[in-house]
There are 2 protein chains.
Amino acid sequence: MANITKKVSWSSRADESGPPGEGTPLLNGSEPRLSRQLSGGENVFQIGRLSTVDLEEEMASEEDSLRGRPKEIPHNEKLLSLKFESLDYDNIENQLFLEEERRMSYMGFRCLEISRWVVCGLIGFLTGLIACFIDIAVEQLAGIKYQVVKQNIENFTEVGGLSISLILWAVLNAGIVMIGSIIVAFFEPIAAGSGIPQIKCYLNGVKVPRVVRLKTLLVKVCGVISSVVGGLAVGKEGPMIHSGAVVAAGVSQGRSTSLKRDFKIFEYFRRDTEKRDFVSAGAAAGVSAAFGAPVGGVLFSLEEGASFWNQMLTWRIFFASMISTFTLNFFLSIYYNNPGELSNPGLINFGRFETDTVAYNLYEIPLFIVMGAIGGLLGALFNVLNYWLTIFRIRYVHRPCLQVMEAMLVAAVTAAVSFTMIYFSNDCQPLGPDHTEEYPLQLFCADGEYNSMATAFFNTPERSVRSLFHNQPGTYNPLTLALFTLTYFFLACWTYGLAVSAGVFIPSLLIGAAWGRLFGILLASTTSTGQIWAKPGKYALIGAAAQLGGIVRMTLSLTVIMVEATGNVTYGLPIMLVLMTAKIVGDYFVEGLYDIHIKLQSVPFLHWEAPATSHWLTAREVMSAPVTCLNRIEKVGTIVDILSNTSTNHNGFPVVLEVHASEEPPKLCGLILRSQLIVLLKHKVFVELARTRLTQRKLQLKDFRDAYPRFPPIQSIHVSQDERECMMDLTEFMNATPYTVPQETSLPRVFKLFRALGLRHLVVVDDSNRVIGLVTRKDLARYHLGKHGLEELQLAQT
Amino acid sequence: MANITKKVSWSSRADESGPPGEGTPLLNGSEPRLSRQLSGGENVFQIGRLSTVDLEEEMASEEDSLRGRPKEIPHNEKLLSLKFESLDYDNIENQLFLEEERRMSYMGFRCLEISRWVVCGLIGFLTGLIACFIDIAVEQLAGIKYQVVKQNIENFTEVGGLSISLILWAVLNAGIVMIGSIIVAFFEPIAAGSGIPQIKCYLNGVKVPRVVRLKTLLVKVCGVISSVVGGLAVGKEGPMIHSGAVVAAGVSQGRSTSLKRDFKIFEYFRRDTEKRDFVSAGAAAGVSAAFGAPVGGVLFSLEEGASFWNQMLTWRIFFASMISTFTLNFFLSIYYNNPGELSNPGLINFGRFETDTVAYNLYEIPLFIVMGAIGGLLGALFNVLNYWLTIFRIRYVHRPCLQVMEAMLVAAVTAAVSFTMIYFSNDCQPLGPDHTEEYPLQLFCADGEYNSMATAFFNTPERSVRSLFHNQPGTYNPLTLALFTLTYFFLACWTYGLAVSAGVFIPSLLIGAAWGRLFGILLASTTSTGQIWAKPGKYALIGAAAQLGGIVRMTLSLTVIMVEATGNVTYGLPIMLVLMTAKIVGDYFVEGLYDIHIKLQSVPFLHWEAPATSHWLTAREVMSAPVTCLNRIEKVGTIVDILSNTSTNHNGFPVVLEVHASEEPPKLCGLILRSQLIVLLKHKVFVELARTRLTQRKLQLKDFRDAYPRFPPIQSIHVSQDERECMMDLTEFMNATPYTVPQETSLPRVFKLFRALGLRHLVVVDDSNRVIGLVTRKDLARYHLGKHGLEELQLAQT
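Residues numbered from 1 in each chain as written. Chains lettered and ligands numbered in written order. Predicted model: local features only at pLDDT ≥ 70, side-chain atom pairs only at ≥ 80, totals over all residues. Heavy atoms only, no water.

### Brief notes about the relation of the copies chain B and chain A
(1) Moving on: Superposing chain B onto chain A requires a rotation of 180 degrees together with a translation of 0.0 Å along the rotation axis, leaving an RMSD of 0.0 Å. Between the two chains, the operation in question is that of a two-fold axis. (Least-squares fit on C-alpha atoms with pLDDT ≥ 70 in both.)

Put into structure tokens, the structure is as follows:
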């Protein structure tokens, strides 16, 4: 089963393809193991064993012997993958770094700060442009598609043979979706879905392989266009967040590793700390472009990612968000021949809610809360169904061609179901002079009327949402809405998790708007005199919020996003109430959709706090020990051996004063990373060579930055037998002041330090500052609150 | 000069009054010194010297000898007061605490979490009620006042002798303001001003004495009513934030020390960590009530206070904000005979901006930016003037009676100036049938007309703002606006810093709205065809944002507050642009108003990051050394002596294995606080007594909580000569795992750890975990970026 997990995991392709050293996440501790063994040659069987991870066997041998637990086949979500490495939000304060910082004048820091703002501006601008491109492309292509189908339907309505229209529609959809699905499944599986779980993980500090690559962005953009145009029950908003993040990661580094171009700018930003800050800004810019919600974008970034709130960083994120909305608005205003009119919101436009029509009263509050509860319930149902579906996909639909076929099937079924619903619907509505329907289908309705069901189905989801919010009371009859809700619910649930780039925001809003409007209509019909009830659009909005909240479980940022997208703060309070209720109700049953998918990928995700009941655990119990330490002046051969050793899982090595043969653990004097050692080896910074070649230039921070982030694997570095006898002086390169904790520190305290500072390695020391162990992300993410109190996830090489 | 500083400082009364042990901030390291010496009796001269702190002499003897610097009389803002202690955001994880946490079941933690939500709900509710009370009281009392004056003016307009009206108005104002000023100046000086700087400091982790006391709240509420009714150029919004914070600090503790009532609830929350979280919620609830901006409130709390962003905490803060707005709206809706209509915003109501009327175009963006720059310039001017004025006040207006007289003078002058302006204004406007003016003054205008200047002056500031935003084009003529801006600017500048409770938000908005409207009118007049220019209300709004931003320099939270108060997100982008421009321009000249006042109080305020150019400083250089350490099992006499020793500035003492007589510093094994030692001494937790009295109950966490936060001073604890010979075992009570840093750690790294975790003490150790020094807040706050690079503030016992 775990084998299968691997195949459809976010980073599955890392194991399957690409030459070693390019395409593989090289800071990843578990993968050099695989590639090195491939070069070995004779232990082919073992490779198979390792890559498929016969969990039962491995667990039995490792875990049981250690902890004496009963044998069991661990369930998928009870695992923690060792595949994911951690980002390092902590600066490596070695001598090189400190020297550079000390050399830099105040003006230097000012220039840096200004270039940070410039980068954020660029991120916002490019993200806005991408959003604009996606929007126009979808608009144009979907327009062509709907025109063709509509023409066809109109032709055949008279003469009969609508089944041909059905086939045309289904084939068109499936064909378009196929394109998107193929590029995603075959070229970049990480581009599947909305990308929000992946960005959440990235911001949390997990290094998700290839998530911020240029290729991912290209696949994402093309994929999202094809899936929306292909008529799937998806939105184009979620992927914008991912796109923004990729843009940020690209722009801030001043080069593209994929394109092999280095612009020699922003070199200072080539480290995890700075990059993650910019990715936050990119994600915010994405939200901002998607929903026209700059403040919501900032809050999204903070709610999902930030640990330490820094005011200057927040302002930069805000700036990127602003520029993004601005750019999108500006170019869209040109596209719509209305240049300079900047009052359009983002990709999804909820339309204008006038204050007069949206007033609410005290006695409606309980109704809103009820709707929040319904949203929570339906959201939980959605999540549970999708969870089962994802498990099924993990087991049986893991080959790319199967994934493409599933996507095509869903596209065809979506078209078929839509067509059937429209066909059998007899909800004819008069076509007003100022009708907002883009593609009104007359079908079997009388002249001057149109099929109401078609408004919901025969349309891009964004337009459907808008018409549910704003169409006059009486536009939809209750049966239409009920049927629509039902079918769309299952379609959306089936669609999420396909190998296509697409988001779940809009489908959620659409489902919610449909049942919300239904709720409003029913309310109006049960009360005879209800003047105020007669505004179904209001209930559609509340329902949309409830449903979305029930599925994704964000509160603060989502409130702001909804309010900004609505363009009216009057609804702030009800939306908050609804989102909170939905979250509370939903959380009772199951986690949010993104969290479910993160868990299914066994990502070592750190939550905000350690589990409440974990005070009885101490650093000594959670840490990994024994630790491979390096001497301050170490033999090259030893270093190469340690780096090549597959049993070394850690990427950080405490540097100690002197490793004695005695029992006593050595005193800590620094911390050095695998990536740094690789660079040192590559540049052959050996004590002996320095003596002989005095003219050789000193290694600089630049050399480390040039190698960032794709450090070569140890196998690609040739170290001769002579060189193995040389010594390496790590003093200058190690972080001389790593954060440490005493071994008696409680888990919540360790967790707090680790999370607040975004650490990657935390050294555990005894009362004489001797290295006892090392705490990394997986050691902390392992503990979580289950139904029976504190549970420990099992580590696995998935 | 420093002597004078003390007199008007936020906590001046702490030194002047109150019995020792009650009223004095007892965790404060510098004050037991004073009170103990008072009890000493023979060294009266030294007391005088200490309390007045002859800085020149002390600096000359202490600083110069240490650092060999040239003599200079340090300027006020180059000092860092030792008076302010730090809050401890870090849990004291001693054995008692860990045992309690380990005993607690998962359900126990759930209950705690629920009670946190309940407390936040209560905070929101009470804050809303207070806001409602202030609003109604101001409305009623101001109504009576304006009716009386209006009647009087109308009587005398015909017959002449308007000077009597002037006198009536001035005397009324001065009288009302006198009441508010007396209670502030004589009873609770900390209640002066808006309280925002104090709350900023509190959230930053500085213990500002008496800032969250019940008495402060009472004085604040009465003070703000009197100052607004008294016609000063002030608003009632800022003080709401302080009020919310006091409510939070009170409710969350489940008791009132002032009223000597303990409700025996929420005992778990009786520590700095939890209390500060609740105070954040209270401040947010205050903002929320003041501006009807729940999201803005959350952002304010985070922008001003938070270091570590915790999602659950943020939601609770959000909940408190929501409830606060809701409560205020609900009760105001009843007051306005419109029960259940919840669409009113907070205390300040910007009125409804319809989307149609507020559309803006691309070519207006540069104009907005220009307005932002003007706002920044005027804001900087305001701040500089107020800075000089504050210095003047610190020097010459430090006695309470002088302060009251100044407040009365300002009130009278405000009335006189207003009257003069109205009197000489000949801007008569027709009184429309749907006029919004509450108290239209006809004065010398024709029948059916009213004096336009009076709309601005003869009104509560909130109403003036609203009429500047919404009145029809042509309601004000440019001269009126220009004169109004000019006078109100100086009046508001003079008023801020008086010994009255009042905020600067509304005056800022009013000034900005006036010149903004003027800007709009001038713009419309310069362009002949400008159809879109002809909406002065829009420019009034932008001007208001610019002016407020220029004075207080918040960006993100202020944007959201403005948007929420406007009720329309269309203006989001322009407001952001304007606020950013205002901040950038203003920051070029001088800091924000709150920061200026914080600096003038020499508060050890920690900014977001260490100064950029401080990498050359290490922990060894910034730490305080030598440190007074305690043995794990220590003699009571030694502890009493150490606590009574006035040269011990620290409130935290590293606990070490054994203090040898040798040179070598001892190994760290824990950290204990002064407050804990006091409780231990009070309960006589001595090793010997424990042996003899076996039945004596064990000291529990409850005993520490009961004493929190006003721990008795060491002088109040009687320790007999026999007891001095006893031993105390600190093992159980010390925090066994304090955070430590190696001595080579760079200042930014130390700063980051300290700030992110909200520490109070950070132990500096050498490579064998031996105590070398202790870093506290003042050691970090001392370094700041001045005009000539990194500067170091001087510490002083002000």
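### Overview of the packing of aromatic side chains
(1) Moving on: As enumerated under the stated definition, the model contains 44 aromatic pairs over all chains in all.
(2) Moving on: A ring pair is formed by B:Phe392 and B:Tyr396, whose centres lie 5.2 Å apart and whose planes are at 55 degrees; its orientation type is tilted. Taken together, the residues span about one helical turn, with B:Phe392 and B:Tyr396 both in helix α16 (residues 365-396) at a distance of four residues.
(3) Moving on: The class for B:Phe392 is partly exposed, based on a relative accessible area of 45%.
(4) Moving on: Joined through ring pairs, the aromatic side chains of A:Tyr146, A:Trp169, A:Phe419, A:Tyr423, A:Phe424 and A:Phe458 make up one cluster.
(5) Moving on: Over the ring of B:Trp608 we find B:Arg755; its NZ or CZ atom is 4.6 Å from the centre of that ring. (Phe/Tyr/Trp six-rings, centres within 6.5 Å; stacked < 30°, edge-to-face > 60°. Helix = DSSP H or I, 4+ residues; strand = E, 2+ residues; numbered from the N terminus. Buried < 20%, exposed > 50% of the residue type's maximum accessible area, 1.4 Å probe, protein only. Lys NZ or Arg CZ within 6 Å of the ring centre and 35° of its normal.)

### Brief notes about the interface of chain B and chain A
Think of interface size as the accessible area that goes away when the parts come together; that is how it is often given.
(1) Moving on: Contact residues are listed per partner, giving 90 residues for chain B and 90 residues for chain A.
(2) Moving on: At the boundary of chain B with chain A, total buried surface from both sides reaches about 8100 Å², with 66% on carbon and sulfur atoms.
(3) Moving on: For the salt bridge of A:Asp90 with B:Arg749, the shortest nitrogen-to-oxygen distance reads 3.0 Å.
(4) Moving on: At the boundary of chain B and chain A, one finds 18 residue pairs in polar contact (both at pLDDT 80 or more). (Contact = heavy atoms within 4.5 Å. Buried area = accessible area lost by both parts, 1.4 Å probe. Salt bridge = Lys/Arg side-chain N within 4 Å of Asp/Glu carboxyl O. Polar contact = N/O pair within 3.5 Å; in protein donor to acceptor, adjacent residues only side chain to side chain.)

### Observations concerning the pairing of strand β14 (residues 761-765) of chain B
Residue and element names in this part refer to chain B.
(1) Moving on: Judged by how many residues are buried, β14 sits mostly within the fold: five of five residues are covered.
(2) Moving on: Residues His-761, Val-763 and Val-765 line one face of β14 and the alternating positions Leu-762 and Val-764 line the opposite face, and both faces are buried.
(3) Moving on: Bridging between strand β13 (residues 740-742) and β14 involves three bridges; their strand directions are parallel. By the bridge assignment for β14, Thr-740 is matched with Val-763.
(4) Moving on: Judged from the five bridges that link them, β14 and strand β15 (residues 771-776) form a sheet pairing that is antiparallel. Note on β15: the bridge partner recorded for Val-765 is Val-771.
(5) Moving on: Here β14 hands over to β15 after five residues, with Asn-769 in that stretch at a positive phi of 65 degrees. (Pairing = 2+ DSSP bridges.)

### Here we look at the state of the cysteines
(1) Moving on: According to the stated counting rule, one finds zero disulfides over all chains in the structure shown.
(2) Moving on: A:Cys222 carries a free sulfur, and the closest cysteine sulfur to it, the one in A:Cys132, is 16 Å from it.
(3) Moving on: Take B:Cys669: it sits in no disulfide, and the sulfur closest to it among the cysteines is that of B:Cys629, at 9.7 Å.
(4) Moving on: By relative accessible area, B:Cys669 is classed as buried at 11%. (Disulfide = S-S within 2.5 Å.)

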